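Structural overview
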Amino acid sequence: MTGSDASPSFRLAYVPGVTPAKWVRIWHERLPEVPLTLVQVSAGEAADALRDGGADAGFLRLPVDRTDLSAIPMYTETSVVVVPKDHLVAAFDEVSVADLADEIMLHPLDDTLDWAQPPGRPAFERPATTPDAIELVAAGIGLLVVPQSLARLYHRRDLTYRTITDTPQSQVALSWREDRTTDQVEDFIGIVRGRTVNSSRGRRPAEPAKQRPAGKKDQQSGKKDQPAGKGGGAARGKAPAGRGGARRGAGAPKDAGRRGRPRRRS
């Protein structure tokens, strides 16, 4: 947003594998007057997009340098190994790092898994991106470990994936520049944290004043409100209805109120 009188807007960055549709839908329901623009960025570009002003906030993968960026961890993804469908690994439900000790493993430059030591034997050259590594897996060059969402995103009919244990897992976080925590950023933080539209920490208009309970004094007049049925809703000076729903009048018989009771035999 530029200029003092510019209309508010919100730009949300997200890395491959993250699906922000749920939060975007809630944004449109709560703030239809503020347009939200999605900005897809690579994992390596996400932090720079926030620092350079290319986005107001973004979903990225940790770790991230928090010197100038704030981050709220959202969820952790399962790690999987991507293999050709006819590979031996495809016969199992899950494998361990030890099971891949003799395999050539691809380690792309945009990998966000925080490895102490990648499994298996390293490939001759590191692919530039995860999509490049997927192509090499399909060509039979090696195997690849990625967050499960990326395995689904880059799915091919000739490839499959299996859960791998004993490996780092990718953690997705909502991040923004700490010195640019705008009202729109606060609104989006409230959405992803599950705050309701009437949350005390939100910025939505306050609810209208509730109706004063019966019997409470009016602060200006000092008079009490009269609840219906206790002098406020019935006319004064009239006798209440007798048993049976009729008032005893001047011409009514004395035993009108006892009609229907059996008489005692003498």
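Preceding this section is the structure that the text describes.
The next thing to look at is the overall build of the protein. Looking only at helices and strands, the protein features five helices and 11 strands. Within the protein, the proportion of its 266 residues that are buried is 35%. In the protein, of all internal contacts separated by at least 6 residues, the share reaching a separation of at least 24 is 67%. On the protein, roughly 17700 Å² of surface is accessible, and the fraction owed to carbon and sulfur atoms is 48%.

Attention now moves to the nonpolar core. Grouped together as the largest cluster of nonpolar side chains are 36 residues, with contacts concentrated most on Phe10, Leu12, Trp27, Phe59, Leu60, Leu174 and Phe188. Of all the secondary-structure elements, those providing two or more residues to this core are strand E1 (10-14), helix H1 (21-30), helix H2 (46-51), strand E3 (57-62), strand E4 (69-76), strand E11 (171-177) and helix H5 (183-192). With five residues, H5 is the single largest residue contributor to this core. Every residue in contact with Phe10, bar those within four places of it in the chain, is listed here: Trp27, Val34, Pro35, Leu36, Thr37, Asp56, Ala57, Gln184, Val185 and Phe188.

Glancing now at the sheet that holds E3. Spatially, the five strands line up as an open sheet ordered E2-E1-E3-E11-E4, and their pairing is mixed. Bordering the open sheet on either side are strand E2 (36-40) and E4, each of which pairs with just one other strand. Each strand of the sheet is rotated relative to its neighbour by a mean of 25°, with strand direction disregarded. In this sheet, E2 lies alongside E1 in parallel orientation, the contact comprising five bridges. Residue pairing across strands places Ala13 opposite Val39, the latter belonging to E2. Sheet contacts for H5: E1, E2, E3, E4 and E11; angle to E11, the most-contacted strand, approximately 160°.

Ordered by their spatial adjacency, six strands build an open sheet running E6-E10-E5-E9-E7-E8, and the pairing between neighbours is mixed. What marks the edges here is a single partner per strand, and that holds for strand E6 (94-95) and strand E8 (121-122). Strand direction decides the pairing type here: E6 and strand E10 (residues 159-164), joined by two bridges, are parallel. Bridging across to E10, Val95 finds its partner in Ile164. The strands that helix H3 (residues 130-138) touches are strand E5 (79-84), strand E7 (104-106), strand E9 (143-147) and E10; relative to E9, the one it contacts most, it runs at about 140°.

So, on to the side chain of Ser79. Of note, Ser79 is situated in strand E5. Accessibility expressed as a relative area gives 1% for Ser79, which makes it buried. A polar contact of 2.6 Å, which involves the side chain of Ser79, links it to the backbone oxygen of Pro168. Non-local contacts of Ser79, meaning those with residues more than four positions away in its chain, are made with Leu113, Val145, Val146, Thr163, Ile164, Thr167, Pro168, Gln169 and Ser170.

At a minimum axis separation of 10 Å, H1 and H5 run at an interaxial angle of 120°. The angle between the axes of H1 and H5 places the two elements in the oblique class. Along this stretch, H1 crosses H5, giving a crossing that reads as right-handed. Touching Trp23, Ile26, Trp27 and Arg30 of H1 are Gln184, Asp187, Phe188, Ile191 and Val192, all from H5.

Further remarks concern the pattern of salt bridges. Under the counting rule described, the total for this entry stands at eight salt bridges. Taking the shortest distance from any N to any O, the salt bridge between Asp48 and Arg51 comes out at 4.0 Å. Placement of the pair is Asp48 and Arg51 together in helix H2, with a separation of three residues, close to one helical turn. Judged by its relative accessible area of 22%, Arg51 is partly exposed. For the salt bridge of Arg177 with Asp179, the shortest nitrogen-to-oxygen distance reads 2.6 Å. The exposure class of Asp179 is exposed, given its relative accessible area of 55%. Among the ionic contacts, a cluster of salt bridges with common partners joins Asp48, Arg51 and Asp68.

Rules behind the numbers
Residue numbers here run from 1 along each chain, matching the order of that chain's written sequence. Residue-level local features of this predicted model are given only where pLDDT is at least 70; pairs of side-chain atoms are given and counted only at 80 or more, and the full residue set underlies all totals for whole chains, interfaces and linings. Where side-chain values are given, they derive from all heavy atoms of the structure, hydrogens and water being excluded. By the criteria applied, helices consist of DSSP H or I runs no shorter than four residues and strands consist of E runs no shorter than two, each listed in order from the N terminus. When accessible area is computed with a 1.4 Å probe and restricted to protein chains, residues below 20% of their type maximum are described as buried, those above 50% as exposed, and intermediate ones as partly exposed. Note on contacts: a residue pair is in contact if any heavy atoms of the two residues lie within 4.5 Å. Using a 1.4 Å probe, accessible areas were evaluated by the Shrake-Rupley method; residue-level cover was limited to the displayed protein chains. Buried residues of nine kinds, namely Ala, Val, Leu, Ile, Met, Phe, Trp, Tyr and Cys, make up a nonpolar core once their side-chain atoms join them within 4.5 Å. Two strands pair under a simple rule: DSSP has to find at least two bridges between them. For helices, the axis comes from a line fit to the C-alpha atoms of the stretch in contact; other axes are also lines fit to C-alpha atoms, and the angle between any two N-to-C directions lies between 0 and 180 degrees. Here a polar contact means two N or O atoms within 3.5 Å. Within protein one must be a hydrogen donor candidate and the other an acceptor candidate, and residues neighboring in sequence count only if both atoms are side-chain atoms. In what follows, roughly perpendicular refers to angles from 65 to 115 degrees, roughly parallel to angles under 35, roughly antiparallel to angles over 145, and oblique to any angle outside these ranges. For a crossing to be left-handed, the near helix must be turned anticlockwise from the far one by less than a right angle; the clockwise case is right-handed. A pair is scored as a salt bridge if a Lys or Arg side-chain nitrogen falls within 4 Å of a carboxyl oxygen belonging to Asp or Glu.

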